[in-house]
Amino acid sequence: MASAAGSGGIALRARGVVQSFLGTTVLHGVDLELRRGEVHGLVGENGAGKSTLMKILAGVHQPDSGTIELDGEPISFTSPLQAQRAGIATVYQEFTLLVDRTIAENIWLGREPRRGPLVDRARMLRETRALLETIGVPELDPALPVRQLSVAEQQVVEIAKAVSLDAKVISMDEPTAALADHEVALLTRIIAGLTQRGIAILYVSHRLREVFDLCTTITVLKDGALVGTWPAEELDERSLVRHMVGRELSAFFPDPAPGTAPGDPMLELEGAGNDFVDDVSLTVRAGEIVGVAGLQGAGRTELLHGIFGADPFTRGTMRAGGRALAPRSPRQAVRAGLALITEDRKTQGLSLNLTVLQNALGVVRAVFPSRTAAARDTMPSTLQELELVARGLDQEVQFLSGGNQQKVVLARWLALAPTVVLLDEPTRGIDVGAKYGVYEVMRRLAASGVAILMVSSELPEVLGMSDRILVMRDGRLAGELPSSSSEEDVLALATGADEAVPA
Amino acid sequence: MTALAQRSPGRRFLSALATPGGAVFVLLVVLLVAASIANPRFAEPDQLVRFLARTAPIAIAAIGQFFVIVSGEFDLSMGAVIAAQVVIAGNVIGQDEAMILPGIALMLLVGVVVGLLNGLLTTLAKVPSFIVTLGTMLALYGFVRFLTGGAATGNPVDSFREIGRGSLGDVLPYPVIILVVLAVGAWLLMRAPFGHTLLAVGDNPVAARLSGTRTGAVKVAAFVLSSLSATVAGILLVGYAGVHPSIGTGYEFQAITAVVLGGAVLGGGRGWVLSAAAGAIALELLFTVLNQVGIDSTWRPSVQGIIIILAVALGAVAWRTARRPASVTRAEAAAGADPDPIPTPTPTPGEQ
Amino acid sequence: MTAITQARPARRARLSTTAIVYIVLVGVIALSAVLVSAAGESFFTSSTLTSVLTLMSILGFVAIGQTLVIISGSLDLSVPYVVSTASIVGAGIMAQGAAGVVPGVLAALLVSAAIGAANGLIVTKLRVHGFIATLGVGLIISGWLGTSFQGSFGSAPPEFRLIGATLIAGVPLSTIIMLACAGLAALLLHRTRLGHHIYAVGGNAHVARLSGVRTQVPVVVSHILCSMLAGLAGLLLLARTSVGSPTIGSQGGYDLMSIAAVVLGGTLLAGGSGGVLGTIGGVAIFAVLDHVMGVLEVNPFFKDFVRGAVIIVAVALYAWRSLQRRPPRFHGKGTRT
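Here's a quick rundown of the structure. The shown structure was predicted, so the numbers you read here are calculated from the model rather than taken from an experiment. (Residues numbered from 1 in each chain as written. Chains lettered and ligands numbered in written order. Predicted model: local features only at pLDDT ≥ 70, side-chain atom pairs only at ≥ 80, totals over all residues.)

Overview of the overall build of chain A
Within chain A, the secondary structure is distributed over 18 helices and 22 strands. In summary, chain A has a C-alpha radius of gyration of 24 Å against a globular reference of 23 Å for 503 residues, a match within 12%. The principal-axis extent of the C-alpha atoms belonging to chain A is close to 70 × 50 × 45 Å. Out of the 503 residues in chain A, the part that is buried amounts to 58%. The contacts in chain A between residues at least 6 apart in sequence include a share of 69% that link residues at least 24 apart. (Helix = DSSP H or I, 4+ residues; strand = E, 2+ residues; numbered from the N terminus. Rg over C-alpha atoms; globule rule 2.2 N^0.38 Å. Buried ≥ 20, exposed ≤ 12 C-beta atoms within 10 Å, placed from the backbone. Contact = placed C-beta atoms within 7 Å.)

A few points about the overall build of chain C
When helices and strands are counted, chain C shows 15 helices and two strands. Since a compact globule built from 337 residues should have a radius of gyration of about 20 Å, the 22 Å found for chain C is in line with a globular shape. Across its three principal axes, chain C shows a C-alpha extent of roughly 80 × 60 × 40 Å. Looking at the 337 residues of chain C, the share that counts as buried comes to 55%. Residue pairs at least 24 apart in sequence account for 79% of intrachain contacts in chain C once pairs closer than 6 positions are excluded.

Brief notes about the sheet that holds strand β10 (residues 200-204) of chain A
All names here are of chain A. Taken together, six strands build an open sheet; the order of strands is β6-β9-β10-β3-β11-β12 and the sheet is mixed. Each edge of the open sheet is held by one strand with a lone partner, namely β6 (88-91) and β12 (225-231). Across the sheet, the mean angle separating the axes of adjacent strands is 20° when strand polarity is ignored. Of the strand pairs in this sheet, strand β9 (residues 169-173) and β10 are connected by five bridges, and their pairing is parallel. (Pairing = 2+ DSSP bridges. Axes fitted to C-alpha atoms, helices over the stretch in contact; angles between N-to-C directions.)

A look at the nonpolar core
Ala415, Leu422 and Ile452 of chain A together with Ala62 of chain B are the most contacted members of the largest nonpolar core, which totals 385 residues. Considering each element in turn, this core owes the most residues, 16 residues, to helix α11 (residues 216-241) of chain C. (Core = buried A, V, L, I, M, F, W, Y, C linked by C-beta atoms within 7 Å.)

Points about helix α5 (residues 151-164) of chain A
All names here are of chain A. Over its 14 residues, α5 extends 20 Å from the first C-alpha to the last, a length consistent with the 20 Å expected when each residue adds 1.5 Å. For α5, a buried count of 13 out of 14 residues is recorded, marking the element as mostly surrounded by other parts of the structure. Among the residues trailing α5, Asp166 stands out with phi positive, at a value near 55°. (Expected span 1.5 Å × (residues − 1).)

Quick look at the environment of Pro20 of chain B
Residues and elements named next belong to chain B. Topologically, Pro20 is positioned in helix α2 (residues 20-38). Residue classification places Pro20 among the buried positions, given that 27 C-beta atoms sit within 10 Å. Separated by 291 residues in the primary sequence, Pro20 and Ala311 have C-alpha atoms spaced 8.3 Å apart.

As for the sheet that holds strand β22 (residues 476-482) of chain A
Residues and elements named next belong to chain A. Spatial strand order, β18-β19-β20-β15-β21-β22: six strands in an open sheet with mixed pairing. Every other strand in the sheet has two partners, leaving β18 (338-341) and β22 as the edge strands with one partner each. Across this sheet, the average inter-strand angle for adjacent strands is 20°, counted without regard to direction. Bridge analysis of strand β15 (residues 289-294) against strand β21 (residues 468-473) gives five bridges, and the strand direction is parallel.

Let's talk about the packing of helix α3 (residues 45-70) of chain B against helix α11 (residues 215-241) of chain B
Residues and elements named next belong to chain B. It is at 7 Å that the axes of α3 and α11 come closest, and there the two elements cross at 175°. Relative to α11, the element α3 lies roughly antiparallel. Of the residues in α11, those touching α3 at Ala56, Pro57, Ile60, Ala61, Ile63, Gly64, Gln65, Phe67 and Val68 are Ala222, Phe223, Leu225, Ser226, Leu228, Ser229, Ala230, Val232, Ala233, Leu236 and Leu237. Its residues assigned to classes, the contact of α3 with α11 shows 16 nonpolar, four polar and no charged. (Parallel < 35°, antiparallel > 145°, perpendicular 65-115°, else oblique. Nonpolar A, V, L, I, M, F, W, Y, C, P; charged D, E, K, R; others polar.)

Quick notes on α11 of chain B
Residue and element names in this part refer to chain B. For α11, with 27 residues, the first-to-last C-alpha span of 38 Å sits near the 39 Å given by 1.5 Å per residue. Counting buried positions over the 27 residues of α11 gives 23, a clear majority of the element. Looking one or two places after α11, you find Gly242, whose phi comes out positive at around 80°.

A short note on unusual backbone geometry
All names here are of chain A. In the Ramachandran plot, Asp279 falls in the positive-phi region, its phi being about 50° despite a non-glycine side chain. With respect to the helices, strands and loops of the structure, Asp279 is situated in the loop between β13 (265-273) and β14 (280-285). Taking the number of C-beta atoms within 10 Å as the measure of exposure, Asp279 has 17 and is therefore partly exposed.

What about the packing of α2 of chain B against helix α13 (residues 273-292) of chain B?
All names here are of chain B. Close contact between α2 and α13 brings their axes to 9 Å; oriented N to C, the two are set at 25°. Judged on the interaxial angle alone, α13 and α2 are roughly parallel. Of the two possible hands of crossing, α2 and α13 adopt the one that is left-handed. Where α2 approaches α13, its residues Gly21, Val24, Phe25, Leu27, Leu28, Leu31, Leu32, Ala34, Ala35 and Ala38 are matched on the opposing element by Ser275, Ala278, Gly279, Ile281, Ala282, Leu285, Leu286, Thr288, Val289 and Gln292. Taken together, the residues of the contact of α2 with α13 sort by class into 15 nonpolar, five polar and no charged. (Left-handed = near helix turned anticlockwise from the far one by under 90°.)

Listed below in structure tokens is the structure:
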């Protein structure tokens with residue numbers, strides 16, 4: 001990597017990039033400059049044009065006009081492959097790995113080293129091992145199938161693949177969206193290594209704190225236009241949000257509706273456990289929002305799935321609304337007044353080929369068919385209240401943005417008037433404005449006496465929304481913290497760094 | 001954005017015709033016109049009704065196969081079920097009038113059992129339905145040939161065979177009545193919560209389960225409906241064609257062809273049940289037209305082969321374009337609803 | 001590096017699917033030996049070996065090809081008609097005598113390859129799922145066969161029939177050719193770029209495309225190879241029966257039986273994983289069962305019943321096994337009130 005010496009020079013320069021689809025302009029002449037060895041944050045609401053810009057650099061889209069230069073040479077791509085070969089690698093949010101193939105086979109896919117007509121497997125493994133050592137993960141075995149890797153490790157393989165392509169620029173789309181905080185640390189370290197080698201990183205993320213932690217320069221897009229580019233130290237989270245949304249969100253998290261006070265216990269667990277969580281005791285009262293924090297793999301989603309009967313508890317007791325409840329299936333939980341907003345909308349929440357209305361009525365139809373007609377009458381106003389933006393009730397949900405898809409998910413559960421709502425990463429992958437909408441729905445539900453249990457990996461969200469915070473570690477509750485706690489308190493409890501915190 | 005209301009019925013009808021599920025009706029009309037031109041007598045009501053009676057078994061089978069396909073599965077055992085039912089009719093009912101009702105009850109029971117077996121092995125044992133129904137197909141054919149020795153045996157009484165070849169007042173054949181009743185029933189079923197849930201299960205079984213759907217029960221029900229429709233098709237075919245173990249051969253693929261021609265998407269989540277029945281009728285109509293213009297009936301499989309490939313090739317494109325928003329707002333377009341969206345691979349969360 | 005090892009489950013060494021296939025095969029052989037000796041016959045004889053290997057050869061050819069196609073994410077239902085077509089084409093040309101053997105074989109393979117290319121191109125260019133594409137092509141051929149040929153057609157000269165009859169140390173020549181094809185197919189899959197790309201395309205075509213794999217090539221090539229292997233099976237049947245037959249393929253049910261053998265061999269129907277070795281194991285299981293049921297003079301129609309049951313049970317076992325993927329964190333067995 002001789003180019004390390006050139007650190008600080010311009011690696012990539014895009015000027016006046018215009019892109020339109022079906023007559024709609026989505027990028028209005030955007031400029032971007034990436035310097036060697038810098039991590040450049042690209043932020044903006046969903047729909048601001050970040051993904052489009054990234055896909056242009058990746059060769060997925062061809063811009064209508066504008067120029068892109070790599071190391072001073074003008075370039076244009078007609079396929080992702082050309083972009084890769086030119087030295088622009090892209091790590092997509094959804095991984096592009098083959099789960100049944102090994103790490104080495106994935107990294108060399110399409111460029112397998114050969115000896116004669118045959119693939120040189122020994123060399124493939126050797127070079128992969130060297131590569132993984134270079135980026136600082138020598139313990140990963142190149143012969144492991146990707147299926148056996150954690151999300152973070154798969155991310156590492158993606159990055160290793162980019163490095164193996166001798167990339168000058170690596171753009172990363174929401175690389176931490178699925179990572180726990182301790183895994184983010186690994187990513188941070190790897191990124192630092194890459195920048196030392198003179199690689200420019202384009203870093204797209206919704207997690208603003210991370211953007212400040214990692215990036216030296218930040219570019220903000222809004223509605224397809226450039227708002228500006230600033231050195232990171234000239235901004236703080238508040239001013240950044242103002243640039244992104246063009247308005248200041250009232251302290252980011254809405255306050256509880258006046259008069260919201262904890263009422264009777266609506267959800268009680270006593271020593272509950274199954275294969276994945278153990279000895280969980282907790283109480284959520286009517287009108288209360290209880291946050292569940294913890295590292296990835298700490299058992300938070302599993303806890304919700306246990307309560308909801310998807311992975312039924314085999315030990316302990318559970319009460320809902322004061323009555324004993326032991327759901328053996330989600331159906332029984334739904335009938336008892338529980339609702340679960342899943343972690344992943346696309347794979348666990350929605351039927352993407354069905355319409356907005358079909359999805360919104362999905363639960364009612366499946367569980368309470370006799371209430372369908374009534375729900376159909378009220379659904380349009382429910383969706384209107386959620387400020388759903390769609391072409392109509394008969395639009396397929398796959399064409400909605402993430403935030404609007406989440407509103408459809410919320411609507412289908414609101415139609416049941418649940419008494420206990422379980423939320424799993426309720427704002428993952430949706431833009432700032434839509435996040436605020438979700439928070440408002442939560443506050444409104446709480447005010448109407450619903451008990452809410454919310455799992456989230458975004459600590460500011462947990463701290464900003466919860467009345468109390470439960471922290472999980474290794475499948476058990478590690479302790480409870482008040483909402484006035486700091487992020488450090490939560491992390492200490494989640495990682496077990498501070499055993500002194502009373503449980 | 002105030003566009004949350006549904007579009008007007010007229011516009012919905014027109015845009016529905018542009019989907020594969022609607023286009024099959026257009027095809028049906030075109031073929032009907034072609035058949036009438038080739039043979040003006042064909043357009044006469046009695047001829048049409050007789051034609052419809054002849055297509056009733058395959059149309060009913062297609063309706064049954066539709067439920068399974070739209071739930072994301074396959075039923076390859078259909079032809080074997082028909083063969084088994086035909087043999088049961090020949091041997092159990094025979095020449096004994098009194099055995100007609102018990103015989104029909106037994107056939108329906110066998111239908112339910114096969115459907116349950118297919119459904120439970122698919123949902124509980126998690127075996128792909130392609131393999132499960134292939135297994136039941138082999139087993140049932142083996143059973144049928146074991147019973148019959150591979151030759152035509154038994155002949156049920158004429159009063160039973162009347163179901164398949166008689167008509168009400170010499171005007172309306174029973175098969176047509178049965179077809180219409182079943183088609184209306186299937187249409188209502190698809191509009192009922194069960195139908196929507198079936199679509200949701202075919203589209204995304206994980207999401208459906210986490211929404212409180214008994215996904216297993218829904219799929220099992222689809223398989224039972226499929227076997228039952230094969231049973232009814234078998235009862236009609238006995239009347240029409242008598243008893244032979246080879247009756248029903250190829251029905252599974254013909255039914256799948258019809259469903260696909262009717263615009264349903266293999267893999268589940270999309271399709272209209274009446275279009276499946278229309279697909280079956282259109283297919284038979286096409287064979288009729290080809291017969292009329294003097295093409296040997298031995299070419300039938302070839303025609304079916306071309307049709308199924310074309311239907312799927314065109315259908316895949318048409319669903320995408322017909323139900324896409326005509327214009328997307330800027331925000332939506334940039335948010336990922338690009339004109340050429342990269343099909344997003346499912347993220348692989350490893351083992352947590 | 002505690003950071004990432006912490007979040008990952010133990011990677012237990014697991015029995016590969018192929019190993020399980022062969023364990024099942026050994027079990028089937030043991031059971032067969034018991035059944036056969038209970039009936040007063042002996043099982044471990046060279047004639048048993050010859051019989052089983054002979055039974056393996058035809059389905060073996062078809063199943064090897066089917067493996068390639070299934071790994072690439074497609075499916076081939078047209079194989080029975082390709083088998084018939086190859087036997088007809090071969091017999092038609094060989095009817096002139098020994099001089100027709102080489103042209104006959106070449107023509108049969110060429111026609112088979114053309115059918116495979118049609119399958120592959122319909123799948124890749126028209127984007128029709130392999131199930132439908134090959135069902136359609138199979139039906140098209142079957143219409144042609146049914147229209148143009150009634151009964152047997154042509155003949156094979158004695159020189160060609162030798163291939164079907166020759167034994168080398170008790171092993172039929174046809175089986176040796178089949179196993180050689182299996183070896184070549186395994187080499188292709190594991191040690192060539194094309195093979196790696198067949199897995200990649202079957203695993204996730206989008207990912208393969210982003211990595212610069214020309215995604216259509218592996219699918220078309222595996223379809224061509226599959227049809228050519230089916231063509232070989234047709235030629236071998238011609239060598240055994242000495243006349244071409246338009247229905248010999250569909251009578252054998254090679255479409256569904258080969259898919260069953262592939263799945264029995266541990267290859268995922270969805271594509272992207274599996275291998276030829278497992279398929280051969282699956283074919284062997286069917287051959288042993290067939291042989292035993294032949295020796296025990298089981299009603300031939302009962303055979304289908306047994307086959308159907310074996311397929312379902314085996315696949316249920318694999319499915320059940322893959323469900324056990326995530327190890328529990330807690331093993332408590334407390335009472336729940």
